[in-house]
Amino acid sequence: MDNADSGEQPAKNRVIADMFNRMADILEFQGEGPFKVNAYRKAARVIKDLQENIESLGQANQLKSIPGVGAGLAKKIDEFLRTERMSKYEEIVQSVPTGLIDLLGIHNLGPKTLALAHERLGIQDLNGLKRAIDDGRLANLPGMGEKKAENILKGIELREKGAGRIPLGQALALVEDMIHRLRKLPSVGRIYPAGSIRRMQETVGDIDILIETEEGETIVKAFTSLPQVTRVLSSGKTKGSVLVEGDIQIDVRAIDRDSYGSALQYFTGSQAHNIRLRGIAKQKGMKISEYGIFRREEKIGGGTEEEIYEALGMPWIPPELREDRGEVEAALEGNLPELVDLVDINGDLHVHTRWSDGEATIDEMAQKAITLGYSFIAICDHSRSAAYAGGLTHERLEEQLDEIHALNEGMENFRILTGSEVDIRSDGSLDFPDELLSRLDIVIAAIHSGFKQNVTQRLIAAAQNPLVTIIAHPTGRLINQREGYDVDLERVMQACSDTGTAMEINACGERLDLNDIHTRHAKEAGIRLAIGTDAHHSEDLASMRLGIGVARRGWLEKKHVMNCRTTEELLKMKTKGTDFKYGDS
DNA sequence: GCCGTTTTCGGCCCGACTGTTTTCAGTCG
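All residue numbers here refer to positions counted from 1 along the written sequence of the relevant chain. Each chain is given a letter, starting from A, and each ligand a number, starting from 1, according to the order in which they appear as written. Thresholds applied to this predicted model are a pLDDT of at least 70 for local features of residues and 80 or more for the giving and counting of side-chain atom pairs; totals over whole chains, interfaces and linings are not thresholded and use all residues. Excluded from the side-chain calculation are hydrogens and water; included are all heavy atoms of the structure.

Time to look at the nonpolar core. Core analysis: the biggest nonpolar cluster contains 87 residues, and Ile209, Ile416, Met503 and Ile531 have the highest contact counts within it. Put simply, DSSP marks the helices as runs of H or I at least four residues long and the strands as runs of E at least two long, and each gets a number from the N terminus on. Here this core gets seven residues from one element, more than from any other, and that element is helix 9 (residues 168–182). Taken domain by domain, this core gets at least three of its residues from each of domain 2 (166–255) and domain 4 (342–573). Here a residue-residue contact requires only that any non-hydrogen atoms of the pair lie within 4.5 Å. Beyond its immediate stretch of four places on either side in the chain, Met503 contacts Ile470, Ile471, Pro474, Leu489, Val492, Met493, Cys496, Leu514, Ile527, Arg528, Leu529 and Ala530. Nonpolar cores are built from buried Ala, Val, Leu, Ile, Met, Phe, Trp, Tyr and Cys residues. Side-chain atoms within 4.5 Å join them into one set. Only protein chains enter the calculation, and the probe is 1.4 Å; a residue is then buried if its accessible area is under 20% of its type maximum, exposed if over 50%, and partly exposed in between. The start and end points of each domain follow an automatic or database-based domain assignment.

Listed below in structure tokens is the structure:
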């Protein structure tokens, strides 16, 4: 199950979404029509993305207000919320062998083929499938053949290798290197990554690069011959597909000038967003494809993305919003947010140095920040409980403060803010006394141990401390590595909202915590957000752009983000609750 | 199964590619 995209939602939302997805898979396998199957999938997606706890909606009799949930699904959800069971789900799941439906995730093996293999050959699970490929029985089925069986085998191998989604930061580095090389080729015009990478999704499956060119075949050939390529999957006139180190797939598409915008729009997705746009186009008697937007047979746009959106009567929608999470409605109503941008960022609110487990000096971090155009940086080394990270003792922190004050003496138009990433101990108390914390510019409270011990209460206690500015990485998850803390995030958000405590978007590539959906939820709860790279090296300051990606996917504007304030405004915010509202500045 | 300033019934995004076929089904993005 791929939950990496959204992190931990309210538990029941996720459970119900998973159940509906499972039901969709089984119904599809059983030959149910595509529209019913899609209805289940759509409802699952919307419920997974939902801001509210579905239990609250159920209690308020509001289930049918969820887009994609009608009378039928509402009844099933309601049954589950009341009884912890869903009779239709149980009925459907019991009608197929356990293990069979999991095979649907295999590339090149769809529901029709799986049904055929199950009925004719009695395939029940992965081992049975492998045997049927080995001894040729699968290839002998009607409509099958050697090639198809071989492709399914390749799909199995890929899955067993665990070639999964890679973190956004890694994908960005890879794609930028690629684009840098491809740009040097002759007859290359516009060149952009599309797909989830352009939407700044936290993990990326395969990478799409779109090149505007009249020389498709030459470009594709040059691409598939690059030194990084470990295997060429396909190479044609308009599309080349390769694997690079780590079995990461990169596709290049050569596009005509007149279709570049529609191709970029199409391949950027998301699929759900595109389906919405096509539905609207259809209502207006138009048609959208990767080649353009058409009224009857006449092409009315496609050179740029703006032409597509304009033809549909809406402004261009930033890629980070294209998830069908309300952006189409907002665009039609003229209510799109003015998203925060990297150029709005005045500084970094969470960095480490050699004083604890970082690798650079305070001055090196500051100098790097200055080259990024920042006007401040907050030094937040670990506190003493984080012994594994060389956490500072009371005395060491005092010494560090002296060094920062001295460095600030020599700075013009730049301020090194004093701070600490202070541990929240297992009893909910902080690692430094209030007297010391009160002398810092920024106090970030964080949990680094006891992930299952009263986490919710401890985070709430930290938020209630008037000296705590920011709650660091509030869920504690590590992408593809570790589930988050055992935490009731809704209650923590309530506490942050009540006390004027900010929540962090930790921009470190393996965290991105809060994630996009939590971020949007926090914004709507009136909570201020702080982006911190958690940098341990001066190079790490660059991951601010990942944090900006999360912020934009969370619909944040400049006013929601502490990093967009001036140094003076930030220092005033030390006293919580006084200038808390977004409007003030 | 959902949904409605073209519909309470009849729609529901669109095209490419592959491999199997001899006109098309299945899968993918």
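There is more to say, and it comes next.
We now examine the sheet that holds strand 15 (residues 470–471). The parallel open sheet is built from seven strands, whose spatial order is 11-12-13-14-15-16-17. The sheet is open, and its two borders are formed by strand 11 (347–351) and strand 17 (529–532), each paired with just one other strand. Here, strands pair whenever DSSP counts at least two bridges between them. Of the pairings in the sheet, the one linking strand 11 to strand 12 (residues 376–379) comprises three bridges and is parallel in character. For Gly347, the partnering residue across the bridge sits in strand 12 and is Phe376. Taken strand by strand, helix 17 (residues 394–409) contacts strand 12 and strand 13 (415–423), and its axis lies near 160° from that of strand 13. Between N-to-C directions, angles cover 0 to 180 degrees, with each direction set by a line fitted to C-alpha atoms, over the stretch in contact for helices.

It is worth spelling out the protein's contact with DNA strand B at this point. Nearness of a residue to a molecule or strand requires only that one of the residue's heavy atoms be within 4 Å of it. In the vicinity of DNA strand B there are 36 residues, among which Gly70, Thr113, Tyr266, Arg278 and Lys282 approach most closely. Per the 4 Å cut-off to the protein, sugar and phosphate atoms form 75% of the nearby atoms of DNA strand B. By the criterion applied in these results, polar contacts are pairs of N or O atoms within 3.5 Å in which, for protein atoms, one can donate a hydrogen and the other can accept it, and in which residues neighboring in sequence qualify only through two side-chain atoms. One of the backbone nitrogen or oxygen atoms of Gly72 is found 3.3 Å away from a phosphate oxygen of DNA strand B. One of the side-chain nitrogen or oxygen atoms of Lys287 is found 2.9 Å away from a phosphate oxygen of DNA strand B. If you list the elements that add at least two residues to the surface near DNA strand B, you get helix 2 (34–49), helix 4 (71–83), helix 6 (111–121), helix 8 (146–161), helix 13 (271–283) and strand 8 (286–289).

Where helix 1 (residues 11–29) meets helix 2, the closest approach of the two axes is 8 Å, and the angle between their N-to-C directions is 165°. Judged on the interaxial angle alone, helix 2 and helix 1 are roughly antiparallel. The interaxial crossing formed by helix 1 with helix 2 has left-handed handedness. On helix 2, the residues that touch Asn13, Ile16, Ala17, Phe20, Asn21, Met23, Ala24, Asp25, Leu27 and Glu28 of helix 1 are Lys36, Val37, Tyr40, Arg41, Ala43, Ala44, Ile47 and Lys48. The class makeup of the residues in the contact of helix 1 with helix 2 is 11 nonpolar, two polar and five charged. Angles are sorted into four bins: roughly parallel if under 35 degrees, roughly antiparallel if over 145, roughly perpendicular if 65 to 115, and oblique for all others. Each helix crossing is assigned a hand: it is left-handed if the near helix lies turned anticlockwise from the far helix by less than a right angle, otherwise right-handed if that turn is clockwise. Asp, Glu, Lys and Arg are counted as charged, while Ala, Val, Leu, Ile, Met, Phe, Trp, Tyr, Cys and Pro are counted as nonpolar; the rest, among them Gly, fall into the polar class.

Another point: unusual backbone geometry. The step from Gly269 to Ser270 runs through a cis peptide bond, and the omega angle for that step is -5°. Cis geometry marks the peptide bond from Asp513 to Leu514, where omega comes out at 5°. Residues other than glycine seldom take positive phi values, yet Ser187 does so here, at roughly 65°. Tracing the chain through its elements places Ser187 in the loop between helix 9 and strand 2 (191–193). We classify Ser187 as partly exposed; its relative accessible area is 38%. Positive phi, normally seen in glycine, also occurs at Asn454, with a value near 50°. Tracing the backbone shows Asn454 in the loop between strand 14 (442–446) and helix 19 (455–464). Here Asn454 falls in the exposed class, since its relative accessible area comes to 55%.

Once that is clear, we can look at the packing of helix 7 (residues 126–134) against helix 8. Taken N-terminus to C-terminus, the directions of helix 7 and helix 8 make an angle of 140°; their axes are 10 Å apart at the nearest point. With respect to helix 8, the element helix 7 is oriented oblique. The handedness of the crossing between helix 7 and helix 8 comes out as left-handed. Where helix 7 approaches helix 8, its residues Leu126, Leu129, Lys130 and Ile133 are matched on the opposing element by Ala149, Ile152, Leu153, Ile156 and Glu160. Split by residue class, the contact of helix 7 with helix 8 holds seven nonpolar, no polar and two charged.

So, on to a negative patch on the surface. Residues with no salt bridge and a relative accessible area higher than 30% make up the patches, which join like charges within 9 Å and nonpolar side chains (Val, Leu, Ile, Met, Phe, Trp, Tyr) within 5 Å. All accessibility values rest on the Shrake-Rupley procedure with a 1.4 Å probe; residue burial counts only the protein chains present in the view. Salt bridge, as used here, is a side-chain nitrogen of Lys or Arg placed within 4 Å of a carboxyl oxygen of Asp or Glu. His is not counted here, nor are the chain ends, while Lys and Arg score as positive and Asp and Glu score as negative. Every charge is mapped onto a representative atom, which is NZ of Lys, CZ of Arg, CG of Asp or CD of Glu. A contiguous patch of negative charge, built from Glu214, Glu215, Asp256, Asp258, Glu306, Glu307 and Glu310, is present on the exposed surface. Following the sequence through the fold, Glu306 ends up in helix 14 (residues 305–311). Given the relative accessible area of 42%, Glu306 is considered partly exposed.

Of note, Gly246 is situated in the loop between strand 6 (239–244) and strand 7 (248–255). On the basis of relative accessible area, Gly246 is assigned to the exposed category, the value being 62%. On a C-alpha basis, the gap between Gly246 and Ile548 in space is 27 Å, while along the polypeptide they are 302 residues apart.

So, about helix 2. What a helix should span is 1.5 Å times the count of its residues minus one. The terminal C-alpha atoms of helix 2, which comprises 16 residues, lie 22 Å apart, in line with the 22 Å expected from a rise of 1.5 Å per residue. Of the positions making up helix 2, those classed as buried are Val37, Tyr40, Ala43, Ala44, Val46, Ile47, Lys48 and Asp49. Its buried side turned inward, helix 2 meets helix 1, helix 3 (54–59), helix 4 and helix 21 (516–524).

Once that is clear, we can look at the side chain of Ser383. Along the polypeptide, Ser383 turns up in the loop between strand 12 and helix 17. With a relative accessible area of 0%, Ser383 lands in the buried category. Only 2.9 Å separates the side chain of Ser383 from the backbone nitrogen of Asp423, close enough to count as a polar contact. A distance of 2.7 Å separates a polar atom in the side chain of Ser383 from a polar atom in the side chain of Asp431. In this structure Ser383 touches Gly391, Leu392, Ser420, Glu421, Val422, Asp423, Asp431 and Phe432, once residues within four positions along its chain are discounted.

Right, let's talk about the packing of aromatic side chains for a bit. In this description, a pair of aromatic rings is defined by centroid distance and the angle of the planes. Put simply, two rings from Phe, Tyr or Trp (the six-membered ring, in Trp's case) pair if the centres are within 6.5 Å, and we call them stacked under 30 degrees between planes, edge-to-face over 60, tilted for the rest. Within this structure, the stated rule accounts for three aromatic pairs. With 4.8 Å between their ring centres and 85° between their planes, Tyr266 and Phe267 make a pair best called edge-to-face. We note Lys287 situated over the ring of Phe294; from NZ or CZ to the ring centre the distance is 5.5 Å. Any Lys NZ or Arg CZ that is within 6 Å of a ring centre and within 35 degrees of that ring's normal is treated as a charge sitting over the ring. When the ring centre of Trp555 is taken as origin, the NZ or CZ atom of Arg520, which lies over that ring, is 3.9 Å away.

All right, on to the confidence of the model for chain A then. Counting all residues, the mean pLDDT for chain A is 90, and 96% of those residues have values of 70 or more. Note that residues 1–7 has pLDDT below 50 and, in this model, 22 contacts with residues that lie over four places away or in other chains. For every residue, the predictor reports its confidence as pLDDT, a number between 0 and 100.

Taken in spatial order, the five strands make up an open sheet running 2-4-7-6-5, and their pairing is mixed. In this open sheet, the two strands that pair with only one neighbour each are strand 2 and strand 5 (229–235). Each strand axis lies, on average, 20° off the axis of its neighbour in the sheet, ignoring direction. Lying over the sheet, helix 9 contacts strand 2, strand 4 (207–212), strand 6 and strand 7, oriented at roughly 25° with respect to strand 4.

Next up on the list: the domain arrangement of chain A. By domain assignment, chain A separates into domain 1 (3–161), domain 2 (166–255), domain 3 (259–332) and domain 4 (342–573). For domain 1 and domain 3, the distance between their C-alpha centroids amounts to 29 Å.

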